[in-house]
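A structural walkthrough
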Amino acid sequence: MDDEIRQSKLTKSAITAAMREYGAERPELKPVMRFYREIFGIQKRHADGLPLQFPKLSREEIQRRFEANKQLLKPQDLKPAPADLRDIMRDICAMIETKSPNPPEGLEPFIEGELLDDEWLTAFKDAYLAGRSRNFAREARKAGLEPDLATLIAHTSLAPFYWKQAAGVRPQLSLNQVASGACPICGARPVMGFIRAEDGLRVLECSLCGTRWGAPRMACAFCRTQDRTKLRYHFAEGDGARRVYVCDNCKGYLKVTDMSGHAGDLIIAIEDMATAYLDGVAQERGYHRACSTVFG
Ligand SMILES: [Zn+2]
Ligand SMILES: [Zn+2]
């Protein structure tokens, strides 16, 4: 089946080019963009060498789950070899220690301690992927990691396992009209969205497996209400292309950038950083970010 959604083809050099463009107007973003590029470099290097680690699904099973709005990649099915997960986590931690704009404490004892423990690694991974925040906080505490840092490490280390698997199933799916605010492949929330220049389709991008899918514009991406009286958007003066859509039904919000008149692709993680003021606009008004961010 043709996949009519152009998937992100992220490379380090594309990130470098975007950094130049964004950095010219917003120099304050440079340190966090540099940090993101470093993390991406580690993820990409590991992703290329990882074996497929989800159970193989037949074509029929893939279609069946997709049509029933069920995840194709279930978190409980991801059972990476502890050594593979440890390797990427170790590289990410070492990079955070040396290159983070604000290096956190406690990473060195973690690298020499819990990170070497297969049982802890598995519990940490399971708690994160299952979204069991209390269990995750407990595992993070055990390892001496602050919750935000633990989330950053877990999310960025696990994403490459998903990238690889998602790339294998995507070509079998028609992703241009998915009526869900959760990723049709892995069930994670999108980072944000954009309006495609050529036809006005709203495209969302998954925070975990990186899949892009088209979602109806006239409905809330999260609770799917189509009640126009509940749906509004805000934007900053002078920048009408960058919007935050809020929903009074579920109180969630989603940032969306209108790409009309822009050639080229958008690097969602960087656009997310550059539109942090819109998170403020929505949160001040009592809406919550219904999607994930790790660099925000
Ligand atoms: Zn996904
Ligand atoms: Zn809603």
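Predicted, not measured: the structure shown is a model, and the values here were computed from it.

The coordination sphere of the zinc ion (ligand 1) contains the protein donors C183 (SG), C186 (SG), C206 (SG) and C209 (SG), at a distance range of 2.3 Å. Coordination at the zinc ion (ligand 1) is tetrahedral, judged from the four donor atoms that bind it and the angles of 97 to 118° they form at the metal. Mapped onto the sequence, the residues coordinating the zinc ion (ligand 1) show the spacing C-x2-C-x19-C-x2-C. Placement of C186 in the loop between α8 (147-169) and β1 (190-195) and of C209 in the loop between β2 (202-206) and β3 (212-215) is noted, with a sequence separation of 23 residues between them. Take C209: its relative accessible area is 3%, and that puts it in the buried class.

Mapped onto the elements of the fold, N176 is located in the loop between α8 and β1. Judged by its relative accessible area of 17%, N176 falls in the buried class. Side-chain polar atoms of N176 contact the side chain of E4, separated by 2.8 Å. A distance of 3.3 Å separates a polar atom in the side chain of N176 from a polar atom in the side chain of S174.

Attention shifts here to the pattern of salt bridges. Under the defined criterion, the tally for this structure stands at 25 salt bridges. A salt bridge links R6 to E198; its shortest N-O distance comes to 3.9 Å. Pair noted here: R6 is in the segment before α1 (12-25) and E198 is in the loop between β1 and β2, with a separation of 192 residues, a long-range link. Overall, the relative accessible area of 56% leaves R6 in the exposed class. For R242, the salt bridge is made with E271, and the minimal N-O distance between the two is 2.8 Å. Placement of the pair is R242 in strand β5 (residues 239-247) and E271 in helix α9 (residues 268-274), with a sequence separation of 29 residues.

Now for the coordination of the zinc ion (ligand 2). Coordination of the zinc ion (ligand 2) by the protein is provided by C220 (SG), C223 (SG), C247 (SG) and C250 (SG), with metal-donor distances spanning 2.3 Å. Angles of 105 to 114° at the metal separate the four donor atoms of the zinc ion (ligand 2), which places the site in the tetrahedral class. Along the chain, the residues donating to the zinc ion (ligand 2) are arranged with the sequence spacing C-x2-C-x23-C-x2-C. In this pair, C220 sits in the loop between β3 and β4 (231-236) while C247 sits in strand β5, placing the two residues 27 residues apart along the sequence. Note on accessibility: C220 and C247 belong to one class, buried.

Direction of pairing for β4 relative to β5: antiparallel, over a ladder of six bridges. Paired with H234 across the strands is V244, a residue of β5. What sits between β4 and β5 in their antiparallel hairpin is a turn of two residues, with G238 showing a positive phi close to 85°. Bridging between β5 and strand β6 (residues 252-258) involves five bridges; their strand directions are antiparallel. Paired with R243 across the two strands is V256, which belongs to β6.

Neither face of β3 is exposed, since R212 and G214 on one face and W213 and A215 on the opposite face are all buried. Turn length for the β2-β3 hairpin, with the two strands adjacent in sequence and antiparallel, is five residues, and the turn residue G210 shows positive phi of about 80°.

This part is about the packing of α1 against helix α2 (residues 30-49). Two elements in contact, α1 and α2, have axes separated by 10 Å at closest approach and are oriented at 175°. If you check the angle between α1 and α2, you find them roughly antiparallel. Only K30, M33, R34, Y36, R37, F40 and G41 of α2 make contact with α1, whose side of the interface consists of K12, I15, T16, M19, Y22 and G23. Tallied by class, the residues present in the contact of α1 with α2 amount to six nonpolar, three polar and four charged.

All right, on to the domain arrangement of the protein chain then. Here the protein chain is described as being made up of domain 1 (12-171) and domain 2 (190-289). Here the C-alpha centre of domain 2 lies 23 Å away from the C-alpha centre of domain 1. The contact between domain 1 and domain 2 buries some 1300 Å² in all, and 71% of this surface belongs to carbon and sulfur atoms. Summed over the shared surface of domain 1 and domain 2, the result is zero salt bridges. Where domain 1 meets domain 2, there are five residue pairs in polar contact (both at pLDDT 80 or more). At the level of secondary structure, the elements contributing two or more residues to the side of domain 1 that touches domain 2 comprise α1, α2 and α8. Its residues assigned to classes, the side of domain 1 that touches domain 2 comprises 14 nonpolar, two polar and two charged.

Basis of the calculations
- Residues numbered from 1 in each chain as written.
- Chains lettered and ligands numbered in written order.
- Predicted model: local features only at pLDDT ≥ 70, side-chain atom pairs only at ≥ 80, totals over all residues.
- Heavy atoms only, no water.
- Donors = N, O, S within 2.8 Å, 3.2 Å for Na, K, Ca; no water.
- Tetrahedral: all angles 85-135°; square planar, octahedral: opposite > 155°, others 65-115°.
- Helix = DSSP H or I, 4+ residues; strand = E, 2+ residues; numbered from the N terminus.
- Buried < 20%, exposed > 50% of the residue type's maximum accessible area, 1.4 Å probe, protein only.
- Polar contact = N/O pair within 3.5 Å; in protein donor to acceptor, adjacent residues only side chain to side chain.
- Salt bridge = Lys/Arg side-chain N within 4 Å of Asp/Glu carboxyl O.
- Pairing = 2+ DSSP bridges.
- Axes fitted to C-alpha atoms, helices over the stretch in contact; angles between N-to-C directions.
- Parallel < 35°, antiparallel > 145°, perpendicular 65-115°, else oblique.
- Contact = heavy atoms within 4.5 Å.
- Nonpolar A, V, L, I, M, F, W, Y, C, P; charged D, E, K, R; others polar.
- Domains from an automatic or database assignment.
- Buried area = accessible area lost by both parts, 1.4 Å probe.

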